[in-house]
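Working through the structure, step by step
Each chain, letter by letter, is given below.
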Amino acid sequence: MATDPLKEGSRLGRLRGALTSAADVEYAAGHKNMLQLIELRWIAVVGQITTIAGAILVFDVHLPLVQMLEVLACLIAFNVASHLRWHEHRAVTNKELFLALLVDVASLTMQLYLSGGTTNPFAFLYLLQVILSAVLLEAWSTWIIVAITLACLAGLAAFAHPLPLPFDHARGISSLYVQGMLICFVLDAALLVVFISRITSTLRAKAAQLADLRQRAAEEEHIVRMGLLASGAAHELGTPLATVYVILGDWKRMREFKGNPELLEELTEMQTQIQRCKSIVSGILLSAGEARGESAARTTIRTFLDGLVEDWQDSRPVRDFSYVNRIDEDRPVAFDSTLKQTIDNVLDNALEASPDWVGLEACIEDDTLRLTVSDAGPGFAPAMLAQFGKPYQSSKGRAGGGLGLFLVVNVARTLGGSVAASNRPEGGARVVLTLPLAAIALGRQ
């Protein structure tokens, strides 16, 4: 069986679009996490300046001030460069987050080396880097950070000069070393609570976006399967419909039917309905074989909607139909059979729920086409409103119901629009279909 290159291109396009969207979500989460690290690094800069000044001026601890300020200057320069880079580039990978944390570990190691090594109570700040890496990075990156921090601690214990602090633990809280440990603990705990909460929130948002993308991909796959099924059914129905149409034509020429006006009228009506079925089948095959835009008709919004309403009224047994077109400026647009069928589906659902009255109102608000379909039926159940647009959610109680609104929601979403459902205060249901004019408008010549 030959493969249609248009269909294959469409499937590949959808696949590339899904992968791109997933990558965008991943990069967006990474970008937020990188900004969190930059903010945390500024806090570290302020904290180091405060700690160095307090140790020298208040506790009279002798520290290599010049070398420590040089390390601090390098950290500030790196953070300024990071801010400038990630302000412009939004895609952040695991490797870039890993390198940023390595810079933080290196800066902390240099400051500890210059200020007592493992005898400095602030050596426990390594735990902050390890925990952040466990939250932000992939598993292999986290274990590398753990190994590097362990090596740094071992190196500080072996090569750094001890800090000249009296280790008088017997004094309890009055001990300078114990006070330093308490301050370090408070810093670790406060920073972890604040930043881990933010990072977790970012990760939850990322998970929710990815779940939404997976749901959309599953729904699009469902639509593709339904399209293939409809196309196959249309092919199969074409021959028997044509056969029945020919047989009815032969019957109309038979003597038994020619002399019976009532039967002749019924045969004519049957031929009309079969002809309509053949037109629907032809439309399905046309939609299945052409990409969007290839079968699009150049028209205007008012002309399209007026014609759609006229065709729908002529072919449906609606008793009272209220059509209000509030579009003042008639704009050139391109509508295809898929969009026409989408609007027909919404009207058909309203008609099934309310055979006595259906309303359609059209208007343009903020360069968006807004179509409101109302009915006087029983309205939507709360459970249906909560699952609106999901397949097989229907109040009609028949197998396979609910696919019409499911297709409506997905077609609108493909065009950048949306569909919202609610119950009317006076009774009945309301479905609002919004489409950006940019998705259907033709450029002015």
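Every chain begins its residue count from 1, and numbering advances along the sequence as written. Predicted model: local features are reported for residues with pLDDT of at least 70 only, side-chain atom pairs are reported and counted for 80 or more only, and whole-chain, interface and lining totals are derived from all residues. Side-chain metrics in this entry use all non-hydrogen atoms of the structure; hydrogen atoms and water are not considered.

Some thoughts on the environment of Thr342
Applicable threshold: Numbering of helices and strands runs from the N terminus; a helix is a DSSP stretch of H or I covering at least four residues, while a strand is a stretch of E covering at least two. For each residue, the accessible area found with a 1.4 Å probe, counting protein chains only, is set against the maximum for its type, and the residue is called buried under 20%, exposed over 50%, and partly exposed in between. It only takes one pair of heavy atoms within 4.5 Å for two residues to be counted as in contact.
Looking at the element boundaries, Thr342 is found in helix 10 (residues 337-353). The buried category is assigned to Thr342, whose relative accessible area is 4%. For the pair formed by Thr342 and Leu405, sequence separation is 63 residues and the distance between their alpha carbons is 8.5 Å. When sequence neighbours within four positions are dropped, the list of residues in contact with Thr342 reads Val408 and Val411.

Focus: the side chain of Gln36
Here Gln36 shows up in helix 1 (residues 5-57). In this structure Gln36 comes out as buried when scored by relative accessible area, which is 13%. Not counting residues up to four positions away in its chain, the partners in contact with Gln36 are Phe195, Arg198 and Ile199.

Examining the pattern of salt bridges
Pairing between side chains becomes possible if they bear opposite charge and their charged atoms approach one another. Going by this rule: The salt bridge definition used is simple: a Lys or Arg side-chain nitrogen within 4 Å of an Asp or Glu carboxyl oxygen.
Tallying each qualifying case throughout the model produces 11 salt bridges. Asp250 is the salt-bridge partner of Arg253, the closest N and O atoms lying 2.5 Å from each other. Here Arg253 falls in the exposed class, since its relative accessible area comes to 57%. Since its relative accessible area comes to 37%, Asp250 is described here as partly exposed. In this structure, the salt-bridge partner of Arg331 is Glu329, at a minimum N-O distance of 3.8 Å. Within this structure, Glu329, Arg331 and Asp367 form a network of salt bridges that share partners.

Observations regarding a negative patch on the surface
We apply this condition: A patch consists of residues exposed above 30% relative accessible area that lack any salt bridge, with like charges linked at up to 9 Å and nonpolar side chains (Val, Leu, Ile, Met, Phe, Trp, Tyr) linked at up to 5 Å. Using a 1.4 Å probe, the Shrake-Rupley method yields the accessible areas, and only the shown protein chains count as cover for residues. Residues counted as positive are Lys and Arg, residues counted as negative are Asp and Glu, and His and the chain ends are not counted. A single reference atom marks each charge: NZ on Lys, CZ on Arg, CG on Asp, CD on Glu.
The grouping of Asp306, Glu310, Asp311, Asp314 and Asp330 at the surface amounts to a negative patch. The residue Asp314 is located in helix 9 (residues 301-315) in this model.

Here we look at helix 3 (residues 94-114)
Quick reminder of the rule: The length a helix should cover is 1.5 Å for every residue beyond the first.
For helix 3, which comprises 21 residues, the first-to-last C-alpha distance of 31 Å matches the rise-based estimate of 30 Å (1.5 Å per residue) to within 8%. Phi turns positive, to about 110 degrees, at Gly116, one or two residues after helix 3.

Section: the sheet that holds strand 4 (residues 358-364)
To be explicit about the condition: In this scheme, strands are said to pair when DSSP sees at least two bridges between them. Orientation is described by lines fitted to C-alpha atoms, with helices fitted over the stretch in contact, and by angles between N-to-C directions that extend from 0 to 180 degrees.
Across the sheet, 5 strands lie side by side as 2-4-5-7-6; this open sheet has mixed pairing. Both outer strands of the open sheet, strand 2 (321-325) and strand 6 (418-423), are each paired with one neighbouring strand and no more. Each adjacent strand pair in this sheet contributes to an overall mean axis angle of 15 degrees, direction not counted. Pairing analysis gives 7 bridges linking strand 4 to strand 5 (residues 368-375), with the strands arranged antiparallel.

Considering the confidence of the model for the protein chain
Heads up, the condition is: A score between 0 and 100, pLDDT records how confident the predictor is in each residue.
Mean pLDDT over the protein chain works out to 79, with 79% of the residues at or above the 70 mark. Ranking the elements of the protein chain by mean pLDDT puts helix 1 last, at 69, and helix 5 (residues 139-159) first, at 95. pLDDT under 50 marks residues 1-20. Its contacts with residues more than four places away, or in other chains, come to 9 contacts. Confidence drops under pLDDT 50 across residues 397-401; counting only partners more than four residues distant or on other chains, this segment forms 5 contacts.

Focus on the nonpolar core
For clarity, the threshold we go by: Definition used in this section: a nonpolar core is a set of buried Ala, Val, Leu, Ile, Met, Phe, Trp, Tyr and Cys residues joined via side-chain atoms within 4.5 Å.
Membership of the largest hydrophobic core comes to 39 residues, with the highest contact counts inside it found for Phe321, Leu347, Val358, Leu369, Leu371 and Val419. Elements represented by at least two residues in this core include exactly helix 9, strand 3 (332-335), helix 10, strand 4, strand 5, helix 12 (403-414) and strand 7 (429-436). In this structure Leu347 touches Leu308, Trp312, Phe321, Val358, Leu360 and Val373, once residues within four positions along its chain are discounted. If you look at the next biggest cluster of nonpolar residues, it comprises 20 residues, including Ile38, Val92, Leu132 and Ile199.

Thoughts on the packing of aromatic side chains
Note the following rule: Stacked, tilted and edge-to-face pairs are distinguished by plane angle, under 30 degrees for stacked and over 60 for edge-to-face with tilted covering the rest, among Phe, Tyr and Trp rings (Trp via its six-membered ring) whose centres lie within 6.5 Å.
Using the criterion set out here, one finds 2 aromatic pairs in the structure. Ring centres of Phe98 and Trp140 lie 5.8 Å apart, and the angle between their planes is 50 degrees; this geometry places the pair in the tilted category. Taken together, the positions of Phe98 in helix 3 and Trp140 in helix 5 put the pair 42 residues apart, joining distant regions of the chain. The class of Phe98 is buried, set by a relative accessible area of 9%. According to the relative accessible area criterion, Trp140 is partly exposed, its value standing at 44%. Ring geometry for Trp312 against Phe321: centres 5.2 Å apart, planes inclined by 45 degrees, an arrangement best described as tilted. Note on accessibility: Trp312 and Phe321 belong to one class, buried.

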